[in-house]
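Structural characterization, general
Spelled out, the chains give:
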Amino acid sequence: MKKLYFILLLAIISFNCQKELSAPESLLPTITTSSTSSITNTTALSGGNITNDGGAAITARGVCWASTPNPLVTGNHTTNGTGTGEFVSNITGLTANTTYYVRAYATNSDGTAYGADSVFTTTSPTLVTPTVLTSAITAITATTATAGGNVTADGSTPVTARGVCWSTTANPQVTGSHTTDGSGPGIFTSAITGLTLGTTYHVRAYATNMIGTVYGGDSVFTTTTTAGLATVTTASVGSITALTASSGGTVSADGGSPVTVRGICWATSANPVATGNHTTDGSGLGVFAGYMSGLTAGTTYHVRAYATNSVGTAYGGDSVFTTTSVGTPDVYVAGYESSGTGDFAKLWKNGVPTNLTGGTNEAEARSVFVSGTDVYVAGYEKNGTPDVAKLWKNGVVTNIAVGACSGANASGVFVSGSDVYISGSVDDCTNDIPTVWKNGIATSLSGASFAAAANSVFVSGTDFYVSGQTNTGAGSFAKIWKNGVAINLTNGVFGADAFSVYVSGTDVYVAGYEYNGSKYVAKLWKNGVATSLTNGTNDAMGYSVFVSGTDVYVGGSESNGTVNVAKIWKNGVASSLTNGTNEAAVISVFVFGTDVYAAGGEFNGTKFVAKIWKNGAVTSLTNGLNDAGAYSIFVK
């Protein structure tokens, strides 16, 4: 018996020694989805309840949703803590009037478990008409008044039009006389014109959204019974030559009697009157241009705008200018001016414009060079789809390249003897290929795998230089090509470009910019060695370089924190050509004797105006009614 007990004991010990101890196996959690509530057009409330963690800690929980059944946590979802138990989830960013599927989820080390789908539909947004108030009527004259309003609420859908409407009867409608003064909420001012003197009017502000048009209160006023002189201002004088100049004016109010004639008058003494030298430039209100001819070279003149109604003649301020002296050089400027439907590629000679294109298509004149009596202009014109690189010689056009896809453009021209060099680019439907043409024969400058550009060309002896950039995908190289061989000016980490190249003796100067990681820094390279023209606090660009003797001039722009200011750096020292109120830039600089010329543009509040500066004194090439720009200047 004792022997049998011993044998049994050994068997039990052997069995227990063979058995391996192991941790219990974890499972997915058990979770249910809460019902959806508090449904709006963009939000809803849901949640869930985790009743079993599956043997492992719950590390994430929440709800996920989609517009299709069985949404996953890899899509839209919330994260609402950890552990078991009930939780609440706020669903946001939904689309109005849309059906969604939502289900709760819980994640442990074994994976993610989901509750059942809950289906709900967001509500439609509540749309109403805007709310608008009519402002008080002020500045009442015989024919004009100032009104306006305040859109205090848009009704949950954008206000697409606002203004005032008026009539001689109560509660005027927008289907009658009205103004259009922008869109959206807020205060606006409206100019009411074309009224009759001594007449009572009703005016209401209005605001329109997709629901309809609403009106503010009806305000009543009466125009004055006595007419006065018109109100007129004199435009700045531009396009000054030895014998001609341009000016103009703006008639902003007729004084209660129609303006029958307007124009400019000039004399060599202050405050000229319309009984002397004058132009006749239409009638009525608005902006007009006037052109003076038959002037005397090297003479100081006074010019005033005038406007005449039945009461008499009113004058703008007296503006003084001096015609150029005989023998002064000719100033050529290449650029563009919008036609309203397209662009005119333009050439100005001493401020007098010549249209190189018909204004139907987008077009620009980008560079001008004068050799002897011949004037060469390089640029492009869109022919419907692609851009066509063009050269105008004395106004006669030659197509340099058409290219494929977006086409081709010509950015620079330089004439050396009988050879004409043009820089530009050609699209091969993959990249823009920087190109130089010599007498119409193209040479590709880069086989870069990304887009590139050739911006300018300069010829010195038997060598030709082209400035530009090649894109690296992440950044770009500012570079030059000497006789087609590329030289990198930057490391390609950040964006950079070389806009202009100038060769003086054995020295090669290049103007451009390089991004420093937060701002664009205007740069000048001499023989590949960079000098920063700005400190990197504000964005800046160097667009053009010109060398005169030992002086190096760079034209460009630098931001003042709000707008770009037109600048010229002489030997690294900056001079501002604009006051920093409006956007402006110098695109081209040229030195003739002791005179420094610059070409570019300045925004006038509504349009960009093509401008030139001579020793800092500005001349407008365009009247500011259409966008325009000056890209290249040549003095000879």
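So, here is what we can say about the structure in this document. Everything quoted here is computed from the prediction, not taken from an experiment. (Residues numbered from 1 in each chain as written. Predicted model: local features only at pLDDT ≥ 70, side-chain atom pairs only at ≥ 80, totals over all residues. Heavy atoms only, no water.)

1. Notes on the overall build of the chain
For clarity, the threshold we go by: We count a stretch as a helix when DSSP gives it H or I for four or more residues in a row; a strand needs E for two or more, and each element gets its number in order from the N terminus. We compute the radius of gyration over the C-alpha atoms and compare it with the globule rule, which gives 2.2 Å times the number of residues raised to the power 0.38. Only protein chains enter the accessibility calculation, which uses a 1.4 Å probe. A residue is then buried if its area is under 20% of the maximum for its type, exposed if over 50%, and partly exposed in between. Working rule for contacts: check all heavy atoms of both residues, and any pair within 4.5 Å makes them a contact. Note that accessible areas follow from Shrake-Rupley with a 1.4 Å probe, and for residues the cover is restricted to the protein chains shown. Neither His nor the chain ends is counted toward charge; the positive residues are Lys and Arg and the negative residues Asp and Glu. Here the site of a charge means NZ on Lys, CZ on Arg, CG on Asp, or CD on Glu.
Each helix and strand counted, the chain has 1 helix and 52 strands in total. Taken over C-alpha atoms, the radius of gyration comes to 37 Å for the chain, far larger than the 26 Å a tight globule of 636 residues would show. Each of the three principal axes of the chain carries a C-alpha extent, and together these read 150 × 80 × 45 Å. Split into buried and exposed, the 636 residues of the chain put 47% on the buried side. For the chain, long-range pairs separated by at least 24 residues make up 48% of all intrachain contacts whose partners lie at least 6 apart in sequence. Accessible surface, the chain as shown: approximately 28,800 Å² in total, 52% of it carbon and sulfur. Computed over 27 positive and 35 negative side-chain charges, the inter-centroid distance for the chain is 5 Å.

2. Quick word on unusual backbone geometry
Backbone geometry places N171, a non-glycine residue, at a positive phi of 55°. With respect to the helices and strands, the residue N171 is situated in the loop between β11 (161–167) and β12 (177–178). Here N527, not a glycine, exhibits a phi torsion of approximately 55°, which is positive. Considering the arrangement of structural elements, one finds N527 in the loop between β42 (520–526) and β43 (529–532). Classification of N527 by relative accessible area gives partly exposed; the value is 41%.

3. Examining the pairing of strand β6 (residues 99–108)
Working note: regular strand, side chains alternate between the two faces of the sheet. What counts is decided by this rule: Strands qualify as paired when DSSP identifies two bridges or more between them.
Counting buried residues in β6 gives 8 out of 10 residues, a clear majority hidden from the surface. Note that strand β3 (residues 60–66) and β6 share 7 bridges and pair antiparallel. Residue pairing in the sheet places V63 in a bridge with A104 of β6. The pairing of β6 with strand β8 (residues 118–121) spans 4 bridges and is classified as antiparallel. Within β8, the residue paired with V102 across the bridge is S118. Here β6 hands over to strand β7 (residues 111–114) after 2 residues, the two strands then running antiparallel side by side.

4. Description of the sheet that holds strand β1 (residues 30–33)
In a beta sheet, neighbouring strands pair by backbone hydrogen bonds and run either parallel or antiparallel. Cut-off, in case you're wondering: All axes here are fitted lines through C-alpha atoms, helices being fitted over the stretch that makes contact, and every angle between N-to-C directions spans 0 to 180 degrees.
Across the sheet, which stays open at both edges, the 3 strands sit in the order β1-β2-β5 with antiparallel pairing between neighbours. With partners counted over all chains shown, the strands left at the sheet margins are β1 and β5 (85–91), one partner each. Within the sheet, the average angular offset between the axes of one strand and its neighbour, ignoring direction, is 25°. Pairing of strand β2 (residues 44–52) with β5, which is carried by 7 bridges, proceeds in the antiparallel orientation. Paired with I50 across the bridge in β5 is G85.

5. Here we look at the side chain of T36
Threshold: In protein, a polar contact means a hydrogen-donor-capable atom and an acceptor-capable atom, both N or O and within 3.5 Å, with residues adjacent in sequence counting only if both atoms are side-chain atoms; elsewhere, any N or O pair within 3.5 Å suffices.
Mapped onto the secondary structure, T36 falls in the loop between β1 and β2. Overall, the relative accessible area of 18% leaves T36 in the buried class. In this structure the side chain of T36 is engaged in a polar contact, spanning 3.2 Å, whose partner is the side chain of S118. In this structure T36 touches A44, L45, S46, V102, S118 and F120, once residues within four positions along its chain are discounted.

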